[in-house]
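# Analysis of the macromolecular model
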Amino acid sequence: MLSTCMSASEWDIFILGFSLKLLLFPAYRSTDFEVHRNWLAITHSLPLSQWYYDTTSEWTLDYPPFFAYFEKLLSIPAYLFDPRIVDLNNLNYDSASVVAFQRSTVLLSELVLGAVLLRFIRGSVDPSVQRIISASLLLHPGFLIVDHIHFQYNGFMFGIMLWSILQARNGNKLASGILFAVLLNFKHIYMYIAPAYFIYLLRAYCITHDNRFQIAHFVKLGGSVIAVFALSLGPFLVMGQLPQLLSRLFPFTRGLNHAYWAPNVWALVTFADRALLKYAQYTGKAFAINTEGVASTSRGLVGDTIFAVIPNIKPLHTFAFTIITQMIPLVKLWLNPSYKSFVTSITLCGYSAFLFGWHVHEKAILLVLVPLSLLAAERHAYFRTFIIVSTAGIYSLFPLLFTPAESFVKVVYSLVWLLAVYLPLSKRVYEFPKSPIYLIMDILEKVYLAGFPLLLLVTSCLPFFLRTDAGTTSCSPDDVDCVPSTKENTMEFLPLMLTSIYCSVGVIWGYMRLVFIYIFEGSTYQGQLSEIK
């Protein structure tokens, strides 16, 4: 049905993306590739009751049940294609057959994303603009890097999220809530944006414009969501395994930062602690120094992050910061439960979780970049925010790929994508700065963006200067147990730290911009999406 109504240009974009991703089948694969192969083996070889208990591999199943059921479905053709793929004891299997099969499942599951993005064009306020935005999402460097090289299924799951948002745009709020409940049971990271859904559906679906509570709608929504969770968690609840399942989904024993610091507030705080420690060591200033923190802040490894000078951050602190900052968009959403307000609130809720959350992965920036793309052509203020955050966010994913061939691909592809999006949209939304303050801000933002080529040059050259021992092995962001093998090489983490800090500045500034725009949106930043109620 969708194929018959696709235009020639839409077919061209689809074929271009599909072909490029096919060419990436032999590319570098992270440990996530073996993670998902092992999950195929677990769900195929073991009964349901053992899925969340198996420890044959270190890569234990830690996604919600719907994703486990998804892996179970994939394991059926996997067994027919190559029985060794689903052999539980065949660890680290990486033959050409398993590569072809698993890469194909990512590519085919991403068709959900493609179909939804096509539907976004149909019925949009401005189809020509939406076509650019849809194409940018289908060809997004984030999906190319994280899914089609590094290896995950984000395109498929963000397809479900966008499908849910599309239903809200089309006025099908109950369907939007059901799809989001389904999404939560595929990957629990989407719980970060759940507050926006709760407020929006309660205010726009369960309460009328004249503030009458619609009990029938509330019962339908609540019953539907409960049914989805019962379908997902019910079997494990009956078997008495819910505590075990939850312990896999929420491993709070991990530290504040991931191996490679995600570009968020805690990256800057951790850097500040390191800087204060170095200052104290070189000047002899009488700071109270935690000796455990001296070792903890000296490398970019997974573990319990302990600060040397700054008071330690606990999970409760990150939770409090996240909830408090999410309240800003949620209050506005309650007062104005429009579609545009909903999309902006989703973006800001995901943003708060990324900036202030506990043990945030750099890949979680997609939770900001994807919904923000839907706002990119609203006005120049939104567009500039989109460009800054997209540039910083996509660049922050670069350390995931460190082999020469893939390094070339990630840089060139991201640059081409950015130009392909920037040129047509900027012509439609550009506004000259209205005051000296805005002009200064415009200049500083351009200087910041111009700094990324220099950052790339510095971080590419630094390893050659820091390599003081030929026998030293390098540590990738995925290799969480890797420790520099020589004393001289303890600065090996410096390029990653520079990337994280520089990207953090852009990501945090983008958040401040978007909050300001959202607060004053009603009086200043009206755009095409404002027409959708």
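Our structure's up above, just so we're on the same page.
Residues numbered from 1 in each chain as written. Predicted model: local features only at pLDDT ≥ 70, side-chain atom pairs only at ≥ 80, totals over all residues. Heavy atoms only, no water.

Scanning the protein chain from terminus to terminus reveals 22 helices and 0 strands. Here the protein chain, with 533 residues, has 54% of them falling under the buried criterion. Contacts in the protein chain between residues at least 24 apart in sequence constitute 77% of all its contacts with a sequence separation of at least 6. As presented, the protein chain carries roughly 23300 Å² of accessible surface, and 70% of it is formed by carbon and sulfur atoms. (Helix = DSSP H or I, 4+ residues; strand = E, 2+ residues; numbered from the N terminus. Buried < 20%, exposed > 50% of the residue type's maximum accessible area, 1.4 Å probe, protein only. Contact = heavy atoms within 4.5 Å. Areas by Shrake-Rupley, 256 points an atom, 1.4 Å probe, with all protein chains shown as cover.)

Moving on: the side chain of Asp32. Here Asp32 shows up in helix H2 (residues 31–45). Despite its burial, Asp32 pairs with no opposite charge; the closest candidate is Lys363, at 4.5 Å N-O. Aside from chain neighbours lying at most four places away, what touches Asp32 is His150, Phe151, Gln152 and Lys363. (Lys, Arg positive; Asp, Glu negative; His and termini not counted. Salt bridge = Lys/Arg side-chain N within 4 Å of Asp/Glu carboxyl O.)

Counting residues in hydrophobic clusters, the biggest one holds 139 residues, and the most contacted among them are Leu162, Ile165 and Tyr190. In contact with Tyr190, other than residues within four places in its own chain, are Met157, Phe158, Met161, Phe180, Leu183, Leu184 and Leu367. Counting 10 residues, the second largest nonpolar core, distinct from the first, contains Trp261, Ala267, Leu462 and Leu466. (Core = buried A, V, L, I, M, F, W, Y, C linked by side-chain atoms within 4.5 Å.)

Another point: the packing of helix H8 (residues 154–169) against helix H17 (residues 366–373). The relative placement of two packed helices comes down to the angle between their axes together with the axis-to-axis distance. H17 packs onto H8 with a crossing angle of 45 degrees between their chain directions and a minimal axis gap of 11 Å. With respect to H17, the axis of H8 lies oblique. Crossing handedness for the pair H8 and H17: right-handed. Across the interface between the two elements, Asn154, Phe158, Met161 and Leu162 of H8 pack against Leu366, Leu367, Val370 and Pro371 of H17. Of the residues in the contact of H8 with H17, the class split is 7 nonpolar, 1 polar and no charged. (Axes fitted to C-alpha atoms, helices over the stretch in contact; angles between N-to-C directions. Parallel < 35°, antiparallel > 145°, perpendicular 65-115°, else oblique. Left-handed = near helix turned anticlockwise from the far one by under 90°. Nonpolar A, V, L, I, M, F, W, Y, C, P; charged D, E, K, R; others polar.)

Take the packing of aromatic side chains next. Evaluated as defined, the whole model comprises 38 aromatic pairs. Here the aromatic rings of Phe143 and Phe158 are separated by 5.9 Å at their centres, their planes lie at 55 degrees, and the arrangement is tilted. Here the residue Phe143 occupies a position in helix H7 (residues 141–150), and Phe158 occupies one in helix H8, the gap between them amounting to 15 residues. As far as burial versus exposure is concerned, Phe143 and Phe158 are alike and both buried. (Phe/Tyr/Trp six-rings, centres within 6.5 Å; stacked < 30°, edge-to-face > 60°.)

Every α-helix carries 3.6 residues per turn, so stepping three or four residues along brings you back to the same face. For helix H13 (residues 265–283), which comprises 19 residues, the first-to-last C-alpha distance of 27 Å matches the rise-based estimate of 27 Å (1.5 Å per residue) to within 8%. Looking only at H13, the buried set comprises Val265, Trp266, Ala267, Val269, Thr270, Asp273, Arg274, Leu277 and Ala280. A positive phi of about 75 degrees marks Gly284, the residue just after H13. (Expected span 1.5 Å × (residues − 1).)

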